[in-house]
Amino acid sequence: MKDILTAPFLTEMIRTTTNMYNHGWDERNGGNISLLLTENEVSEYCDVNKVLRVIPTGFKTPELDGKYFLVTGTGKYFKNVQYNPDINLGLVKIIDEGENAELLWGFSDGGKFTSEFPTHMMSHAARLAVNPDNKVIMHCHPNNILAMTYVHSLDEKEFTRTLWQMCTECIIVFPDGVNVLKWMLCGTNEIGIATAEKMKTARLVVWAQHGLYGAGADLDEAFGLIETAEKAAEIYMKIAHLPLINTITDEQMHLLEVRFNVKAREGYLK
Ligand code: 13P
Ligand code: ZN
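As the structure is a computational prediction, the values presented were derived from the model and not from experiment.

Parameters and conventions
- Residues numbered from 1 in each chain as written.
- Chains lettered and ligands numbered in written order.
- Predicted model: local features only at pLDDT ≥ 70, side-chain atom pairs only at ≥ 80, totals over all residues.
- Heavy atoms only, no water.
- Helix = DSSP H or I, 4+ residues; strand = E, 2+ residues; numbered from the N terminus.
- Buried < 20%, exposed > 50% of the residue type's maximum accessible area, 1.4 Å probe, protein only.
- Polar contact = N/O pair within 3.5 Å; in protein donor to acceptor, adjacent residues only side chain to side chain.
- Contact = heavy atoms within 4.5 Å.
- Donors = N, O, S within 2.8 Å, 3.2 Å for Na, K, Ca; no water.
- Axes fitted to C-alpha atoms, helices over the stretch in contact; angles between N-to-C directions.
- Parallel < 35°, antiparallel > 145°, perpendicular 65-115°, else oblique.
- Left-handed = near helix turned anticlockwise from the far one by under 90°.
- Nonpolar A, V, L, I, M, F, W, Y, C, P; charged D, E, K, R; others polar.

1. Let's talk about the side chain of H124
Stage number 1. With respect to the element layout, H124 can be found in helix 5 (residues 117–130).
Stage number 2. A relative accessible area of 0% places H124 in the buried class.
Stage number 3. Engagement of the side chain of H124 in a polar contact is seen with the side chain of S34, the distance being 2.8 Å.
Stage number 4. Setting aside its immediate chain neighbours within four residues, H124 contacts S34, L36, L64, F69, N134, K135, V136 and I137.

Next up, the structure:
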């Protein structure tokens, strides 16, 4: 059995949490990530039959039965993942139609997965139905997206169009746009169900006055999505109080669609 600390999925998770902390997106224990792994990947580093403990989830996701996830721990700081990965991360296998998770590695101080586990698992199920290659659900609290939810309409089309207008690359990176959830109590099954519903039509879901979720085929893709949306929100927050003289027109966005072979969300461009 190889040392799990040398597993590419673990080193990539450490790099990503550290990078997110350094971007200022994950103060204290803010943010959480789950990464879907195959049994082949896991069994190189860990005996999948050696269950350390079984952790109840409090919800059902039968679509994920038998699937493996590397996930951040509740109350744990992204800042610290690099120093104590075995405390701050856990590797689990979903069983009993999603009602329980077998802990195979990590959470070595007796901890458990993020309080947003319902949103993570339900969003994985929703994204896998749209894209079988989806592997990552990522949550964080980026400053400018958060700020924008206090001063911009939360209408999904308006929110998306504003972000698209803030940098030329936005429509190329997230042509599916961003969906928006009005404020809800976090850490609940209810916000999980509502987020997963939004994940059916977009890979970015804003939680108003809280933060952002991104989905992707790998950690880089989910990170890059969030990074691009957050940059657009930063430009918006820099200019929102100034007279707008120029913008990216819908006609120009149509040129981008053709040049980069992307299709903007139906009905979002004139
Ligand atoms: P956890 O520490 O439980 O992951 O919660 C952090 C968070 O961002 C809640 O939305
Ligand atoms: Zn949060």
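After that view, the rundown keeps rolling.
2. Some points on helix 6 (residues 143–151)
Stage number 1. Residues of helix 6 that are buried: N144, I145, L146, M148 and T149.
Stage number 2. Against the buried residues of helix 6 lie helix 7 (156–166), strand 8 (204–207), strand 9 (211–216) and helix 10 (219–239).

3. A few points about the coordination of the zinc ion (ligand 2)
For a metal bound by four donors in a tetrahedral arrangement, the ideal donor-metal-donor angle is 109.5 degrees, while six donors in an octahedral arrangement ideally sit at 90 or 180 degrees.
Stage number 1. Taken together, H139 (NE2), H141 (NE2) and H210 (NE2) make up the full set of protein donors to the zinc ion (ligand 2), lying 2.1 Å away.
Stage number 2. All donor residues of the zinc ion (ligand 2) come from one chain, and their arrangement in sequence is H-x1-H-x68-H. Taken together, the positions of H139 in strand 6 (residues 136–140) and H210 in the loop between strand 8 and strand 9 put the pair 71 residues apart, joining distant regions of the chain.
Stage number 3. The exposure class assigned to H139 is buried, which follows from its relative accessible area of 1%.

4. As for the packing of helix 1 (residues 8–22) against helix 10
Stage number 1. One can describe the packing of helix 1 onto helix 10 by two numbers: an axis separation of 11 Å at closest approach and a directional angle of 15 degrees. Looking at the two axes, helix 1 sits roughly parallel to helix 10. When the axes of helix 1 and helix 10 are compared, the crossing they make is right-handed. The residues of helix 10 that touch helix 1, namely those facing E12, M13, T16, N19 and M20, are L219, D220 and F223.
Stage number 2. Among the residues forming the contact of helix 1 with helix 10, the class breakdown is four nonpolar, two polar and two charged.

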